[in-house]
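Fold and contact review
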Amino acid sequence: MFWSPSGGGVRRYLLTKHAWFDRRPGWRHRIAVPKAAGDPEDGTVELPSWPLPFSGGYRAPVSRHAVAETIAALRPDVVEAGDPYRVAWGALDAARACGAAAIAYCHSDIEAMARLVAGRAGAAAARRYARHLYRRFDLVLAPSASMQRRI
């Protein structure tokens, strides 16, 4: 969900990770992201999505089902979701359909973001949502000790 066609931390992380896997025989790594059709040589697969106006190129996934179908068609052994929204639910569906492990990488503090927009009630709702989502994954990774405490 946080893929930008022009750069950014998520794109850089994913492309660096892809390059690392690409140098190891026996591994096949794909990056399924909401984007306009692009060069398949960069390891990306297009998730069906709509452009978000005035967002600098970000796109919103069309549907959970479309995300799941696209990912499942890749026949993964492991599915990693770095998005806590529609892509995460589609990734879970795809992992279950393929018998693959489902891993979440939690890099966004959605509780803090919700607090900024909707106060304490929004933060509480986001905390419940995150708990509801992340307990469905086989493993949840966090980039820092503070994020680990949050989730």
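Just above sits the structure.
Cut-off values and rules
Residues numbered from 1 in each chain as written. Predicted model: local features only at pLDDT ≥ 70, side-chain atom pairs only at ≥ 80, totals over all residues. Heavy atoms only, no water. 1 Å grid on protein atoms, 1.4 Å probe; cavity = no way out; pocket = protein on both sides within 12 Å on 5 of 7 lines; lining within 4 Å. Points joined across faces, edges and corners; volume = space filled by probe spheres on them. Helix = DSSP H or I, 4+ residues; strand = E, 2+ residues; numbered from the N terminus. Nonpolar A, V, L, I, M, F, W, Y, C, P; charged D, E, K, R; others polar. Core = buried A, V, L, I, M, F, W, Y, C linked by side-chain atoms within 4.5 Å. Buried < 20%, exposed > 50% of the residue type's maximum accessible area, 1.4 Å probe, protein only. Right-handed = clockwise from strand over helix to strand, strands pointing away. Pairing = 2+ DSSP bridges.

Observations regarding the layout of surface pockets
Taking a probe equal in size to a water molecule and rolling it over the atoms shows the remaining empty space. Counted as a void, the largest pocket has a volume near 920 Å³. Lining the largest pocket are 37 residues, and of these His 29, Arg 30, Val 78, Val 79 and Glu 80 sit closest to its centre. No other element matches helix H1 (residues 9-22), which puts 6 residues into the lining of the largest pocket. Broken down by class, the residue content of the lining of the largest pocket amounts to 25 nonpolar, 5 polar and 7 charged. Estimated volume of the second largest pocket: approximately 180 Å³. Lining the second largest pocket are 13 residues, with Arg 127, Ala 130, Arg 131, Arg 150 and Ile 151 sitting closest to its centre. Going through the elements one at a time, helix H4 (110-134) and helix H5 (145-150) are the ones with two or more residues in the lining of the second largest pocket. When its residues are assigned to classes, the lining of the second largest pocket shows 6 nonpolar, 1 polar and 6 charged.

A closer look at the nonpolar core
Ranked by internal contacts, the top residues of the largest apolar core, which has 25 residues, are Ile 71, Val 79, Leu 92, Leu 133, Tyr 134 and Phe 137. Residue assignment for this core shows that the elements contributing at least two residues are helix H2 (64-72), strand S5 (78-81), helix H3 (86-98), strand S6 (101-105) and H4. The dominant element in this core, judged by the number of residues it contributes, is H3, at 7 residues.

Looking at the pairing of S6
Along S6, 4 of the 5 residues are buried, which leaves the element largely enclosed by surrounding structure. Considered for its hand, the β-α-β crossover made up of S5, H3 and S6 is right-handed. Relative to strand S7 (residues 139-141), S6 runs parallel, the two sharing 3 bridges. Among the inter-strand pairings, Tyr 105 is bridged to a residue of S7, identified as Leu 141.

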